[in-house]
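The primary structure of each chain is shown beneath.
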Amino acid sequence: MRTWVWLASATLAVGCGGRPSAWDPEFVPAANTAGLSPAYGLTGSVAVIDGAAHRLTLLNSPSPLLLRAQSLPLGTGLATALTSADRQTLFVLSHGVQPQRKPDDEPPKLQLVDGGTAPKLGESYTLTEPMDHLALDPNNEWAVLYGGSGVVVNPNELELVDLKQKGSAAVTSKTLRSFGGQPNHFTFSAPLAISGGDTRRFLIVQRDSDLVLIDLASPDANEVTVPLPSTDKGGTASSAQVVYDADSATIAVRVTGTTSVFLLQLTAPAQAGQDFSVVTNLVDVGGLPSAIAFVHNTQGLRLVALVGQSAVLVDPVTAITQSVNMPAAFTGIRLITDELNPDATSPNGDVALLYGPNITQIAYFNLGGAPGALFRSIEPYDIGVSVKDVIDVPGQDFFDRKLLETPSGDFYVLDLTNRQSAPMKTQSGLSLEIAPDGDRVWAFQPGALGLATVDFETLHPISLQAERAVTAVFDIAAASGGRSAVALHLGVGQPQGIGATVLNALAPSTATARFYSGFELGGIR
């Protein structure tokens, strides 16, 4: 890579008054700060947080192989940051000045950054207390802030931010009634069709020993708290997994230490003043389930619980269970019905992908079949490696592809339609980054020089070698069309600072790549 571009050279000459004081702090990558990542990939830009200068350096590409930077101010005392599910927005949470000594000291806040090809600051929400953690609604309608860091902390206090509104009216402070537990996971439901009532979205809060339901149509109304059942030995249990079915307004919970699954049915109000009622049931599935999922077969809605080498199908209405013998002890399940039938409005049964980190098989669990059948078929495939995780591919071009990540760091590209898998042998410790357009995946080892890309059309891997250690790789849209791949090189102090190698993502080659450096010095006035 012979093309070098020094971005900061024009800014090094300063007047007689000396250099700006913002140049004095050494660049501190956000990875050195708890709750923050080194960089965040957005649809049209890469965001690098400089904690020392309290600013965000956004790298965007006017055209493939070109890179420019702009700096945006961030709040004081950065706590955490997350990208939205569509990667269009970066959410940054800050503590503000603590303790506040003057009326104009900066308060805690949540800032939104538009990460398109022309990045800019978006809405900002002021908070009354500093919060440490952030959870985002995949539909981009809500954000939840929790885990305060003041002198006195109420762990059950939440700040619910309605992203459809602006200003103070968007923020609802809510303290959950508690018997000692505290929030540890959040699930935003789709609209649930409650019988005899309105369709409602819920925030499902998992705590140490109970489940909390918050109606997002009325976030300031009283929440509903449902205690979890005890373990089979009489101890305190916690929720390990929460799933729901939108059409029946049914929630299922996999509970630690018990062979039973916990079912919650949301129904019409039982008495005046209520918006809905909750009917609970406990169903024994014959063993400790490793995963649960709602599916449809020709008999109707069923909850699948994977138990050893069996799949137990539970009728959530009658609590009747039926067991299916599996070819292996699968511990993971992922619905793939929509990927196989993207235009079908009412398939006669779901299809699920079964996998596990301790077996070398995957299987297609086809729940269709003749009327009244429990399932149609189970098609096992021995791929020679175990599967730790199944990663979705975004976009419309290769919606029927999945990445199968193995415990050893290798990955498979799985073609669901053709029942084909392509193994990709890698070095250990590689990280994967799927391009937002869904056409290719990038693999790299943080701290090493090597990186590679595989496009889903040809499955042809291209291996590349950077001239500096790679921190992360992001695939972003260029403003003029096309795409740029940005391999970041982050380091403390000169000469590294914030640097990047840029490649044409659609035709990557080190012969045409460009290296940029000095971003940490630019944009300071």
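Source: prediction; values computed, not measured.

Engineer: Explanation requested: the sheet that holds strand 14 (residues 185-188) in the structure shown.
Structural biologist: The strands that make up a sheet pair up through hydrogen bonds in the backbone, lying either parallel or antiparallel. Reading across from one edge, 14-17-18-19 is the order of the 4 strands in this open sheet, with antiparallel pairing throughout. Each of the sheet's edge strands pairs with one partner strand only, and the pair in question is strand 14 and strand 19 (224-227). Shown here is a sheet whose adjacent strand axes are inclined to one another by a mean of 20 degrees, direction ignored. Relative to strand 19, strand 18 (residues 210-215) runs antiparallel, the two being bridged by 4 bridges. Considered in strand 19, the bridge of Asp210 is made with Pro227.

Engineer: Explain the sheet that holds strand 36 (residues 431-434) to me, please; I cannot follow it from the model alone.
Structural biologist: Taken together, the 4 strands give an open sheet; going across it, the order is 36-37-38-39, and neighbouring strands pair in antiparallel fashion. Since the sheet does not close on itself, it has two edges, and those belong to strand 36 and strand 39 (461-465), each with one partner. Averaged over neighbouring strand pairs, the angle between their axes works out to 20 degrees when direction is ignored. In the sheet, strand 38 (residues 450-455) pairs with strand 39 via 5 bridges, with the strands oriented antiparallel. Its bridge partner being in strand 39, Thr453 is matched across the sheet by Ile462.

Engineer: How should the packing of aromatic side chains be read in this particular structure?
Structural biologist: Two aromatic rings are characterised by how far apart their centres lie and by the angle between their planes. Scanning all chains against the criterion turns up 5 aromatic pairs. For the pair Tyr364 and Tyr381, a centre-to-centre distance of 5.5 Å together with 85 degrees between the ring planes defines the contact as edge-to-face. Here Tyr381 lies in strand 31 (residues 377-382) and Tyr364 lies in strand 30 (residues 361-366), a separation of 17 residues in the sequence. With relative accessibility at 29%, the residue Tyr381 sits in the partly exposed group. Summarising the aromatic geometry, the rings of Phe365 and Phe375 are spaced 5.8 Å apart at their centres and angled 65 degrees between planes, so their arrangement reads as edge-to-face. One end of the pair, Phe365, is in strand 30; the other, Phe375, is in the loop between strand 30 and strand 31, with 10 residues separating them in the sequence. The buried category is assigned to Phe365, whose relative accessible area is 0%. A relative accessible area of 29% means that Phe375 is categorised as partly exposed. The ring of Tyr364 carries Arg419 above its face, with NZ or CZ at 3.9 Å from the centroid.

Thresholds, definitions, all that
- Residues numbered from 1 in each chain as written.
- Predicted model: local features only at pLDDT ≥ 70, side-chain atom pairs only at ≥ 80, totals over all residues.
- Heavy atoms only, no water.
- Pairing = 2+ DSSP bridges.
- Helix = DSSP H or I, 4+ residues; strand = E, 2+ residues; numbered from the N terminus.
- Axes fitted to C-alpha atoms, helices over the stretch in contact; angles between N-to-C directions.
- Phe/Tyr/Trp six-rings, centres within 6.5 Å; stacked < 30°, edge-to-face > 60°.
- Buried < 20%, exposed > 50% of the residue type's maximum accessible area, 1.4 Å probe, protein only.
- Lys NZ or Arg CZ within 6 Å of the ring centre and 35° of its normal.

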